[in-house]
Amino acid sequence: QVRVVESGGGLVQAGGSLRLSCAASGSIFSINAMGWYRQTPGKQRELVATITSGGSTNYADSVKGRFTISRDNARNMVYLQMSSLKPEDIAVYYCAVDPYGSSRIYWGQGTQVTVSS
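Bear in mind that the values here come from a model prediction, so they are computed numbers and not experimental data.

Engineer: Which parts of the structure should I look at to understand the side chain of threonine 111?
Structural biologist: Tracing the backbone shows threonine 111 in strand E11 (residues 111–116). Under the relative-accessibility criterion, threonine 111 is labelled buried at 10%. Not counting chain neighbours up to four residues away, the residues in contact with threonine 111 comprise Glu6, Ser7, Gly8, Gly9, Leu20, Ala91, Val92 and Tyr93.

What follows is the structure, encoded as structure tokens:
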């Protein structure tokens, strides 16, 4: 029904930057909110950033000033520009999609982000 695929993860040095992309496809007319979450072994999945169809954004305190979320409504895509990366940012990053009229949120498979010091 709805497919969500992330890309852009990889290995980067501390202080570097990385851009994650997420594409939503399938039976989608429009998307309410999209966002990025991350998960580290032993921890629960946590919010990184979200963005509504109107462009309102929300960020976790740990990434404010370093990460920027954006979206392309026409293409049903969302991006996460990550700068000044820290080892604490190491995690699998997941894309979340909330279509209008949907009773559930759709998740991607995740993309690994590794930061070396």
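Engineer: Even after reading the chapter, I still don't get the pairing of strand E5 (residues 46–52), so can you show me in this structure?
Structural biologist: Along any regular strand the residues' side chains alternate between the sheet's two faces. With six bridges joining them, strand E4 (residues 31–39) and E5 adopt antiparallel strand pairing. Note that in E5 the partner of glycine 35 across the bridge is threonine 50. Counted along the chain from E4 to the antiparallel partner E5, the turn is six residues long, and its residue glycine 42 has a positive phi close to 90 degrees. Between the antiparallel neighbours E5 and strand E6 (residues 57–59) lie four residues, among them glycine 55 with a positive phi of about 95 degrees.

Engineer: Whenever I open this one, the environment of tyrosine 94 confuses me. Can you help?
Structural biologist: In this structure, tyrosine 94 sits in strand E9 (residues 91–99). We classify tyrosine 94 as buried; its relative accessible area is 14%. For the pair tyrosine 94 and phenylalanine 29, spaced 65 residues apart in sequence, the C-alpha to C-alpha distance is 22 Å.

Engineer: Please explain the nonpolar core as it appears in this structure.
Structural biologist: One broad trend across soluble globular proteins is that nonpolar side chains are buried collectively. Among the nonpolar cores identified, the biggest contains 30 residues, and Trp36, Leu80, Met82 and Tyr93 are the most heavily contacted of them. Secondary-structure elements contributing two or more residues to this core are strand E1 (2–7), strand E3 (18–26), E4, E5, strand E7 (67–72), strand E8 (77–82), E9 and E11. Excluding anything up to four places from it in sequence, methionine 82 contacts Gly16, Ser17, Leu18, Leu20, Arg66, Phe67, Tyr93 and Val113.

Reading the values: the criteria
Residues numbered from 1 in each chain as written. Predicted model: local features only at pLDDT ≥ 70, side-chain atom pairs only at ≥ 80, totals over all residues. Heavy atoms only, no water. Helix = DSSP H or I, 4+ residues; strand = E, 2+ residues; numbered from the N terminus. Buried < 20%, exposed > 50% of the residue type's maximum accessible area, 1.4 Å probe, protein only. Contact = heavy atoms within 4.5 Å. Pairing = 2+ DSSP bridges. Core = buried A, V, L, I, M, F, W, Y, C linked by side-chain atoms within 4.5 Å.

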